[in-house]
Amino acid sequence: QVQLVESGGGLVQPGGSLRLSCAASRSIFSINAMGWYRQAPGKERELVASTTWSGSTNYADSLNGRFTISRDNTKNTVYLQMNSLKPEDTAVYYCTARTLRSGTLKNDWGQGTQVTVSS
């Protein structure tokens, strides 16, 4: 398994910014993909952004360029920079790592960090 520790959530006003961090217990080059999901009250968990070891990225259509996923290979850490935050961004944000174990792709998850966008 990959252990994941998230940080950076909190309360922010609309239009503000936050940066989430996810530290992995192994080199991210040994992880097929990493990403961020979020789950708002009463809604399904949705993919926000993802990145592979090769650096390719993918984002949810609803973000309109406001979020950026990045990584620091020396720190085994991925980040989610969130700008121009809106109340609808309020959710628990989860970091995930996808690895191949015993011939099967599996996901490991962080504990989640709360992001609240409110006046």
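I will try to describe carefully the structure that is included in this document. The numbering scheme is per chain: residues are counted from 1 as the chain's sequence reads. Only residues with pLDDT of at least 70 are given local features in this predicted model, and only at 80 or more are side-chain atom pairs given and counted; all residues enter the totals for whole chains, interfaces and linings. Values reported for side chains reflect all heavy atoms of the structure, with hydrogen atoms and water molecules removed beforehand.

Two aromatic rings from Phe, Tyr or Trp, using only the six-membered ring of Trp, form a pair when their centres are within 6.5 Å; if the ring planes differ by under 30 degrees the pair is stacked, by over 60 it is edge-to-face, and anything between is tilted. With the rule as written, the count across this model stands at one aromatic pair. Where Y37 meets W109, the ring centres are 5.2 Å apart and the plane angle is 65 degrees; that geometry is what we call edge-to-face. Taken together, the residues Y37 in strand β4 (residues 33–39) and W109 in strand β10 (residues 104–109) connect sequence positions 72 residues apart. What makes W109 partly exposed here is its relative accessible area of 34%. Over the ring of Y94 we find R45; its NZ or CZ atom is 4.2 Å from the centre of that ring. Geometrically, a charge over a ring is one whose NZ (Lys) or CZ (Arg) sits within 6 Å of the ring centre while staying within 35 degrees of the ring normal. The positively charged end of R45 is found above the aromatic ring belonging to W109, 4.7 Å away from the centroid. Strands here are runs of E lasting at least two residues and helices are runs of H or I lasting at least four, both read from the DSSP assignment and numbered beginning at the N terminus. Only protein chains enter the accessibility calculation, which uses a 1.4 Å probe; a residue whose area is less than 20% of its type maximum is buried, one above 50% is exposed, and one in between is partly exposed.

In the cavity and pocket records, a cavity denotes points on a 1 Å grid over the protein atoms alone where a 1.4 Å probe fits but cannot get out, a pocket denotes an open set with protein on both sides within 12 Å along at least 5 of 7 lines, and lining residues are residues with an atom within 4 Å of a point. Grid points are joined across faces, edges and corners, and a volume is the space filled by probe spheres set on the points. Evaluated as defined, the whole model comprises one cavity of 30 Å³ or more. When its volume is computed, the largest cavity comes out at roughly 60 Å³. For the largest cavity, the full set of lining residues is I28, I31, N32, A33, M34, T51, T52, W53, R71 and V78. At the level of elements, β4 and β5 (46–52) are the ones that each hand at least two residues to the lining of the largest cavity. Ten residues, namely Ala, Val, Leu, Ile, Met, Phe, Trp, Tyr, Cys and Pro, are considered nonpolar, four, namely Asp, Glu, Lys and Arg, are considered charged, and the remaining ones, Gly among them, are considered polar. Each residue belonging to the lining of the largest cavity can be placed in one class, and the counts come to six nonpolar, three polar and one charged.

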